[in-house]
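# Notes for the structure review
Chain by chain, the residues run as shown.
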Amino acid sequence: MKEKTKFVAFSTQKGGAGKTTLTVLAASYLHYVKGFNVAVIDCDYPQHSIVEMRERDLKLALEDEHYKRLAYEQFTRLQKKAYPVVESNTKEALADADYLLPQGDFDYVFFDLPGTINNEDLIHSLAGMDYLVAPISADRVVMESTLNYAVVVKEHIMGREKSRMKGLYMLWNMVDGREKTELYKAYDKVCAEFALPILETHLPDSKRFRKETAAERKAVFRSTAFPADKILVRGSNLDKLVDEILGIIKN
């Protein structure tokens, strides 16, 4: 295993928190915009949403003239192919990553993990991550669930002898600008009490996070084959999130 390759996961036990979307957005931005070599291990059995997204993306890139041209222009400009997306599960995730690493000079491998913490295979996979980012939103059920998850990871996985985890961070996701800032301050205080650092970047609640490649040929935001459209990136804070994560990992 290459020491320089970092294993990263957006992970929480709460469904609908946006971890799959964040995995794709971060991986594509790093690979296609920042120039890093990235791979994704999709362990979210049985839906394997990222594997299915890649199949849709490739189908359009092969059959639709608009996306075919975009793919050609992108390859000509970057001289690099789409990053690999590997279908896996929590039991085989790390082994699949070890098998993949010699096939490319990868800087980052992202893992899309399921959320059930009482699964021994998931615990093993989590212990193999270098960095974990847990998305949170200003909802009591989401906060309680994610806090419980993060505390268990922090106390029972991070820092253990066989764990390679160097950092666990909370991320405000789907932030509604109309909500009172006092609510966020209260939750920030709770996270501080549990010594759970929160990333400075906040991601807004926006429909753009659900924009995929489509036959309508609209601007793409969420895609495994293309980076998020520059216009849609504005105001999304995706660029700021990636830069903040890069800063943490490099330090």
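Up top is the structure these notes are about.
Description of the structure in this document. All values derive from a computational prediction rather than experimental measurement.

## Re empty space enclosed by the protein
Under the defined criterion, the tally for this structure stands at 2 cavities of 30 Å³ or more. What lines the largest cavity is simply Tyr 131, Val 133, Tyr 169, Leu 199, Ile 245, Ile 248 and Ile 249. Elements represented by at least two residues in the lining of the largest cavity include exactly strand S5 (131–136) and helix H9 (238–250). With 3 residues, the top contributor of residues to the lining of the largest cavity is H9. A class-by-class count of the residues in the lining of the largest cavity yields 7 nonpolar, no polar and no charged. Reported here for the second largest cavity is a volume of approximately 30 Å³. When residues of the lining of the second largest cavity are assigned to their parent elements, the largest contribution, 3 residues, is made by H9. Partitioning the lining of the second largest cavity into residue classes produces 6 nonpolar, no polar and no charged.

## What about the sheet that holds strand S6 (residues 167–175)?
Whenever strands of a sheet pair, they do so through backbone hydrogen bonds, lying parallel or antiparallel. A sheet is described by the order of its strands in space; here 7 strands give the open sequence S3-S2-S4-S1-S5-S6-S7, paired in parallel fashion. Strands with a single pairing partner mark the edges of an open sheet, and in this sheet they are strand S3 (85–87) and strand S7 (198–204). When strand polarity is set aside, the average angle formed by the axes of neighbouring strands in this sheet is 25°. Sitting on the sheet, H9 touches strand S1 (6–10), strand S4 (108–112), S5, S6 and S7, and the angle it makes with S7 is about 160°.

## Concerning helix H4 (residues 93–100)
All buried positions along H4 are accounted for by Ala 93, Leu 94, Ala 97 and Leu 100. Projected down its long axis, H4 shows its buried positions confined to an angular sector of 120°, all on one face. Looking at the buried residues of H4, the elements they touch are S1, strand S2 (38–42), S3, S4 and helix H5 (120–127).

## Regarding the packing of helix H1 (residues 19–33) against helix H2 (residues 49–63)
Where H1 contacts H2, the axes come no closer than 10 Å and their chain directions differ by 50°. Looking at the two axes, H1 sits oblique to H2. Where H1 crosses over H2, the two elements pack in a sense that is right-handed. Of the residues in H2, those in contact with Thr 20, Thr 23, Val 24 and Tyr 32 of H1 are Ser 49, Ile 50, Met 53 and Arg 54. Of the residues belonging to the contact of H1 with H2, the class tally is 4 nonpolar, 3 polar and 1 charged.

Definitions and cut-offs
Residues numbered from 1 in each chain as written. Predicted model: local features only at pLDDT ≥ 70, side-chain atom pairs only at ≥ 80, totals over all residues. Heavy atoms only, no water. 1 Å grid on protein atoms, 1.4 Å probe; cavity = no way out; pocket = protein on both sides within 12 Å on 5 of 7 lines; lining within 4 Å. Points joined across faces, edges and corners; volume = space filled by probe spheres on them. Helix = DSSP H or I, 4+ residues; strand = E, 2+ residues; numbered from the N terminus. Nonpolar A, V, L, I, M, F, W, Y, C, P; charged D, E, K, R; others polar. Pairing = 2+ DSSP bridges. Axes fitted to C-alpha atoms, helices over the stretch in contact; angles between N-to-C directions. Contact = heavy atoms within 4.5 Å. Buried < 20%, exposed > 50% of the residue type's maximum accessible area, 1.4 Å probe, protein only. Arc of directions from axis to C-beta. Parallel < 35°, antiparallel > 145°, perpendicular 65-115°, else oblique. Left-handed = near helix turned anticlockwise from the far one by under 90°.

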